[in-house]
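Summary of structural features
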Amino acid sequence: VQLQASGGGLVQAGGSLRLSCAASGNIFSIKTMGWYRQAEGKQRELVADSGETTDYADSVKGRFTISRDNAKNTVYLQMNSLKPEDTAVYYCNTYLRTRATATWRNYWGQGTLVTVSS
């Protein structure tokens, strides 16, 4: 299974970016897809997660929107009203089962850098 993320970049405060992450491989079923981020010197934290329910970090509620295209095994993160404190490497994550096993597990993308200038 591979997760290919894209859409990061440099944006001014107040601007918008849209991240995409596509899962590929011998996928049987996906339970959740989501985004985490890790700022320099900080621990990785949940940004948004989409499964049976949709969850957001308090710091992004009302500004970020997660969505999925299940036919394409793709998750998106629309980020509006960006702030300098949103600067981080953003990682996509999925909890899925492959056709080869009966085991559910987490997979991580390679990360995409989002930099918000003030």
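Up top you'll find the structure we're talking about.
Residues numbered from 1 in each chain as written. Predicted model: local features only at pLDDT ≥ 70, side-chain atom pairs only at ≥ 80, totals over all residues. Heavy atoms only, no water.

1. Structural notes on the side chain of Thr 112
For Thr 112, the position within the fold is in strand β11 (residues 112-117). Residue class for Thr 112 comes out buried when judged on its relative accessible area of 11%. A polar contact of 3.2 Å, which involves the side chain of Thr 112, links it to the backbone nitrogen of Gly 8. (Helix = DSSP H or I, 4+ residues; strand = E, 2+ residues; numbered from the N terminus. Buried < 20%, exposed > 50% of the residue type's maximum accessible area, 1.4 Å probe, protein only. Polar contact = N/O pair within 3.5 Å; in protein donor to acceptor, adjacent residues only side chain to side chain.)

2. Quick look at the sheet that holds strand β8 (residues 74-79)
One open sheet holds the 4 strands; their spatial order is β1-β3-β8-β7, and the pairing between them is antiparallel. With one partner strand each, in any of the chains shown, β1 (2-6) and β7 (64-69) form the two edges of the open sheet. Within the sheet, the average angular offset between the axes of one strand and its neighbour, ignoring direction, is 15°. For β7 and β8, the ladder comprises 6 bridges, and the chain directions are antiparallel. Across the sheet, residue Thr 65 finds its bridge partner in β8, namely Gln 78. (Pairing = 2+ DSSP bridges. Axes fitted to C-alpha atoms, helices over the stretch in contact; angles between N-to-C directions.)

Functional significance is not addressed by these values, which are geometric in nature.
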